[in-house]
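Remarks on the overall topology
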Amino acid sequence: MIAQRSDSNVATGQIESIANYSGGYGAGPIWIEKECYSDITLTNTSVTSDSIAFRVIATYAYDGGLFDMVYMPMVVEETVNLFSGQSETLRIFYKQGSQGGCPNQDSNITFDVLASNDSGTFYVGSNADQWNPQRVNPLSIHNASAISMATNGTLASNAPSIENPIDTHIFSLPGQLQYEGQIWVVNPFTQSISTAITQPIPRI
């Protein structure tokens, strides 16, 4: 390209905005997360008219919801194709139902953006954003109106996030025909929570 005295076909872009959302249910001080995601708005600033693939890579911290006892670095990514001058919002999910995990509250998410065309892959930029999400109803999580509602302050924004309020595990004891059941409870209240455990008796 240099020998031909022509401009290189460089893919360029820009990160316009980043918005974070938590989909769940809550009453009073409790917010139970079911889904969480970020919306990243990108613009293709390349001079070429060809479509360019923009790849967004999000890196964040996740502790598994077990009292900060476990730390796991997580990486998720999504891709969108944009023509020159085109802008679009890309949605990256961290958690959907039982799959994945939401970033730790007030931790940083790093977004790295790459752009690819016929000439190669080019670095667009990086942005770090603190995870302090707007809260929305998960049933409307794919609806753009839910995002606009979140910005209007109609949600329980003061409620703390509790991703897994109750977690259960069954362990077999080595060398014995016995099993141990464990119940992990994240209790935000000052009073205790009572639990009833039952087991069906098999017919002999």
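Look a little higher up for the structure.
Residues numbered from 1 in each chain as written. Predicted model: local features only at pLDDT ≥ 70, side-chain atom pairs only at ≥ 80, totals over all residues. Heavy atoms only, no water.

1. A few points about the overall build of the protein
Looking only at helices and strands, one finds one helix and 12 strands in the protein. The linear arrangement of helices and strands in the protein, starting from the amino end, is β-β-β-β-β-β-β-β-β-α-β-β-β. In the protein, which comprises 204 residues, the share counted as buried stands at 32%. Relative to all contacts within the protein whose residues are 6 or more apart in sequence, the contacts with residues 24 or more apart total 62%. In the structure as shown, the protein presents an accessible area of about 12800 Å², 52% of it carried by carbon and sulfur atoms. (Helix = DSSP H or I, 4+ residues; strand = E, 2+ residues; numbered from the N terminus. Buried < 20%, exposed > 50% of the residue type's maximum accessible area, 1.4 Å probe, protein only. Contact = heavy atoms within 4.5 Å. Areas by Shrake-Rupley, 256 points an atom, 1.4 Å probe, with all protein chains shown as cover.)

2. Let's talk about the nonpolar core
In terms of nonpolar packing, the biggest core is built from 23 residues, with Ile-40, Leu-42, Phe-54, Val-56, Tyr-94, Ile-109 and Phe-111 touching the most fellow members. Listing elements by their share of this core, those giving two or more residues are strand E2 (30–44), strand E3 (52–62), strand E4 (72–82), strand E5 (87–96) and strand E7 (108–117). For this core, the leading source of residues is E3, giving six residues. Apart from residues no more than four positions distant in its own chain, Ile-109 is found in contact with Ser-38, Ala-58, Thr-59, Tyr-60, Tyr-94, Pro-103, Asn-127, Ala-128, Asp-129 and Trp-131. (Core = buried A, V, L, I, M, F, W, Y, C linked by side-chain atoms within 4.5 Å.)

3. A word on the packing of aromatic side chains
For the coordinates displayed, the defined rule picks out four aromatic pairs. When the centroid spacing of 5.2 Å and the interplanar angle of 50° are considered together, the rings of Tyr-37 and Phe-93 count as tilted. In this pair, Tyr-37 sits in strand E2 while Phe-93 sits in strand E5, placing the two residues 56 residues apart along the sequence. Relative accessible area serves as the criterion here: at 0%, Tyr-37 is assigned to the buried category. Feature note: the residues Tyr-21, Tyr-37 and Phe-93 constitute an aromatic cluster, connected by ring pairs. (Phe/Tyr/Trp six-rings, centres within 6.5 Å; stacked < 30°, edge-to-face > 60°.)

4. So, the environment of Trp-131
Within the element layout of this structure, Trp-131 appears in the loop between strand E8 (120–130) and strand E9 (134–136). Judged by relative accessible area, Trp-131 falls into the buried class, the value being 0%. The sequence separation of Trp-131 and Ser-38 amounts to 93 residues, and the corresponding C-alpha distance is 9.4 Å. Setting aside chain neighbours within four positions, we find Trp-131 in contact with Asn-20, Tyr-21, Cys-36, Tyr-37, Ser-38, Tyr-94, Pro-103, Asn-104, Gln-105, Asp-106, Ser-107 and Ile-109. Within polar-contact distance, the side chain of Trp-131 engages the backbone oxygen of Pro-103 at 3.5 Å. (Polar contact = N/O pair within 3.5 Å; in protein donor to acceptor, adjacent residues only side chain to side chain.)

5. Describing the sheet that holds E8
Strand order in the open sheet formed by four strands is E4-E3-E7-E8, and the pairing between neighbours is antiparallel. Strands with a single pairing partner mark the edges of an open sheet, and in this sheet they are E4 and E8. For this sheet the average axis-to-axis angle between neighbouring strands, irrespective of direction, equals 20°. Inspection of the sheet shows E3 paired to E4 by 11 bridges, in the antiparallel sense. (Pairing = 2+ DSSP bridges. Axes fitted to C-alpha atoms, helices over the stretch in contact; angles between N-to-C directions.)

6. Brief notes about the pattern of salt bridges
A full pass over the atoms with the stated rule returns two salt bridges. Among the ionic pairs, Asp-39 bridges to Arg-91, the shortest N-O distance being 2.8 Å. Of the two residues, Asp-39 sits in strand E2 while Arg-91 sits in strand E5, which places them 52 residues apart along the sequence. Residue Arg-55 pairs with Glu-77 through a salt bridge whose shortest N-O separation is 2.8 Å. (Salt bridge = Lys/Arg side-chain N within 4 Å of Asp/Glu carboxyl O.)

7. Overview of the environment of Thr-89
Structurally, the position occupied by Thr-89 is in strand E5. Owing to a relative accessible area of 43%, Thr-89 belongs among the partly exposed residues under this scheme. Between the C-alpha atoms of Thr-89 and Ile-18, which are 71 residues apart in sequence, the distance is 9.1 Å. Not counting residues up to four positions away in its chain, the partners in contact with Thr-89 are Asp-39, Ile-40 and Thr-41. Separated by 2.9 Å, the side chains of Thr-89 and Thr-41 make a polar contact.

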